[in-house]
Amino acid sequence: MFFNRAKVRSPRLLRYPRRLKLVAIITVLLFASALVVAALASWRQDNLTQSLREDTSWVAYKLDRDAVQLLNHLLSASRAEMPPVVQNELNMRFELLYSRLMLLQEGEVNSLITDIEGARQLLTQIGQQMEPLDLLFAPHEVLDQLPIVLIEAELEALTQLTERFVITINGYLAESATEERRVLSALYKLLMTLLVGMSLAVLLVIAFLIREMRESATARRRQEQLSQQLEVTAEQAQAANHAKSDFLAMVSHEIRTPLNGVIGMSELLSEPASSAQVEDYARTIHESANQLLAMINEILDFSKIEAGHLTLEASPTELRPLVDSVVALFEPRSRAKGVALSMHIDPLVPRWVMADAGRLRQILLNLVANATKFTDHGAITVRVSSTVEHLLLEVSDTGCGISEEQQTALFEPFQQAGASVARRYGGTGLGLAICKRLSEAMNGQLGVQSRLGQGSTFWCKLPLIKAMPVEAVLPNEQTRNFAGTSLLLVEDNAINRKVATGLLSRLGCEVVCAENGQDALDMAASLPVHLIFMDIQLPDMDGLMVTRHLREQGGWLADVPIIAMTAGGNDRQRCLAAGMNDYITKPLSLLALGDVLALHLSPSLARKTTLPTQVQGDTFEHNVLNADTLTMLQESLGDEHLINLVALYHQQISDYVSQLSAYLATPEASFSEQARQQIARLAHQLRGESLSMGAEALAEKAKSLEVLAREEGNTKSQLDESLGVVRHTAARTHSALKRWRQKQSSTKG
């Protein structure tokens, strides 16, 4: 990738046309004018409001003064016969007082009084008080003598109301003035803040302009450097593209090799073969699958480390058993090659240390595996020593050795000592890269000392933290007989169910399967078991939610061990937080399942566990199948036809249960008599086919459902409960048929 440097120009500041500048200036002026007009309008509105308040206060005050003066004039008047002149004067004063009231009840003054709390009510009361006074006052020509005593009483009541009215108006005006001063103070503060902000904005604009000028001055140099860097990057990208192609080719080869063994031997197993050949084919498939799994685990581990998702769980770890297990694993391979594999642990090394046992074992496994792979004669030695601050693990071999040039890229991903080594020994080249990153994650170091043709010594130095011994009771091999232990397997994938059921059956367990979370909840509600294996990814709800629902039901479900089964990931803490007891990853193995069962449910405990009455004495072997009927079918049809018939029967059961569930899934309000008839028909057919296959327990439960559907008065919830029993019995019947076939095969063998 090359660039024409003559065309590279420094960037210039943006230059806007005059029309745009003119429009911007006019816009700013119009905006400023609008702000001035808005400010003037607001000022005039405030003046009008203030004037209205003052007018209201003045009218209220005059109303109160006129009422008081009228009362004083009345009190000063003679109690004897009142002169006409005095009477007319009092009448004129009352008319003036009444006009004040009319002024308060009309116009903008009245609208302001309406907004004052309590003023409107007082004004109404004043008006009501004025009505009887209006009848008592009159000129001398109309009324000869005023009722002075009565008028005095009414006026005293009126003056009390006007006094309260004036106090209310003045209180409102005082509060309004206080509020306006507070708002004005806030506006002053806001104005100061805006001024400071504008000053800062101006300073920032100036700073940005200066910075832009400096950056534009250095842009040319940067672009020149960038053009050079792009040339280097292009070369690196080309090299990375070649490396990716090589990696894809290598991974493709490494995947196809064990996959070819699995597929090829699987095809050979489908053909007639002797027992020795079948055993050899199965062993080859197992070894190829383990090789494929190891490579996938390496790629996944490396991607997890690169993504920053690596988690370490340090715990007290006993070193000798850990190293012993690694050495014991590779001892048969090294012995087969004629290579001596030995171990030496310095007596000064603490027995217990704080470490992530799994990751430490992974490092040792990779180092010993490499030593075993590249050593054809001589010896391999695993040494463990320590200082005050560090723990040192060393794996020495007498293999082909590594040159200094090869050592520089040895710990990089997808790198091996050479192309010939990759072709001869295979592998992804990720093992040492993973070991190096794991050791660094544990605050340690990983290195190598080697010479070509003189062997190698890989060492791992880790911080040494002593730990207190932990007493752990591990089950022995004699306790791994789980006959009579009932399990619930929650797994949506048919192949995974088949594998897990087969492995657990080999351990002597009686397995009932659920294909989704709702089936698991329904089965657990009426079919207690000793342990539950729970898949994390389910079609309707995840296994974590199912576990929470199970734990919330209480009873035996609060204590039953629930083991998570998943394809991997960082789900352990989530599983434990949801209420699960342990965590097992796929692919499953007989050893791993046996370890989990032995750890959480010893067979002796499982046999002694008392389950509810509904399950006692009702195992898969008794009261589920009629052995005579199955034997008769076997003798009449033969083994092959009976196997096909059982498979068809299982499919029919699944179809019947699905159809029954669909009818009962309708809401209670729309559940019709026709639906009841269809349920009764399906239950009758299920009963007939089950009797033909010897599934007497399922036939009995189907008959109960049929009777409930035909009888009037039974609710939909009763039918739901009966269908749940049918579903559980169908699952148990499936397991019982499978165990019966296994027994028949073992008897013939």
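The coordinates are above.
Residues numbered from 1 in each chain as written. Predicted model: local features only at pLDDT ≥ 70, side-chain atom pairs only at ≥ 80, totals over all residues. Heavy atoms only, no water.

Turning to the overall build of the chain, a few remarks are in order. A tally of helices and strands in the chain yields 22 helices and 12 strands. Across the 749 residues in the chain, those meeting the buried criterion constitute 37%. Summarising the internal contacts of the chain: among those between residues at least 6 apart in sequence, 72% fall at separations of at least 24. Total accessible area on the chain stands at roughly 44000 Å², and carbon and sulfur atoms take up 56% of it. (Helix = DSSP H or I, 4+ residues; strand = E, 2+ residues; numbered from the N terminus. Buried < 20%, exposed > 50% of the residue type's maximum accessible area, 1.4 Å probe, protein only. Contact = heavy atoms within 4.5 Å. Areas by Shrake-Rupley, 256 points an atom, 1.4 Å probe, with all protein chains shown as cover.)

All told, the structure shown has seven salt bridges when counted by the stated rule. Close ionic contact of Arg-497 with Glu-515 constitutes a salt bridge, the shortest N to O distance being 3.6 Å. Of the two residues, Arg-497 is situated in helix 12 (residues 494–506) and Glu-515 in the loop between strand 9 (510–514) and helix 13 (517–526); the sequence distance between them amounts to 18 residues. We classify Arg-497 as buried; its relative accessible area is 14%. When its relative accessible area of 43% is taken as the criterion, Glu-515 is described as partly exposed. When the shortest N-O distance is used, the salt bridge between Arg-710 and Glu-706 registers 3.3 Å. Of this pair, Arg-710 and Glu-706 both sit in helix 21 (residues 696–710), four residues apart, roughly one helical turn. With relative accessibility at 53%, the residue Arg-710 sits in the exposed group. (Salt bridge = Lys/Arg side-chain N within 4 Å of Asp/Glu carboxyl O.)

Before going further, it helps to examine helix 13. Considered for burial, the residues of helix 13 that qualify are Gly-517, Asp-519, Ala-520, Leu-521, Met-523 and Ala-524. Two or three places before Gln-518, at the opening of helix 13, Asn-516 has a side-chain oxygen 3.2 Å from that residue's backbone nitrogen. (Polar contact = N/O pair within 3.5 Å; in protein donor to acceptor, adjacent residues only side chain to side chain.)

The calculated volume of the second largest pocket comes to roughly 1100 Å³. Around the second largest pocket, the lining is made up of 29 residues, and of these Arg-497, Cys-513, Glu-515, His-650 and His-734 lie nearest the centre. Contributing elements (two or more residues each) for the lining of the second largest pocket: helix 12, strand 9, helix 13, helix 19 (639–664) and helix 22 (716–748). Sort the elements by how many residues they give to the lining of the second largest pocket and helix 19 lands first, with nine residues. (1 Å grid on protein atoms, 1.4 Å probe; cavity = no way out; pocket = protein on both sides within 12 Å on 5 of 7 lines; lining within 4 Å. Points joined across faces, edges and corners; volume = space filled by probe spheres on them.)

The next thing to look at is the sheet that holds strand 8 (residues 486–490). With parallel pairing, five strands are arranged side by side in an open sheet as 9-8-10-11-12. Every other strand in the sheet has two partners, leaving strand 9 and strand 12 (582–585) as the edge strands with one partner each. Sheet twist, expressed as the average angle between the axes of neighbouring strands with direction ignored, equals 25°. The sheet contact formed by strand 8 and strand 10 (residues 531–535) spans four bridges and is parallel. (Pairing = 2+ DSSP bridges. Axes fitted to C-alpha atoms, helices over the stretch in contact; angles between N-to-C directions.)

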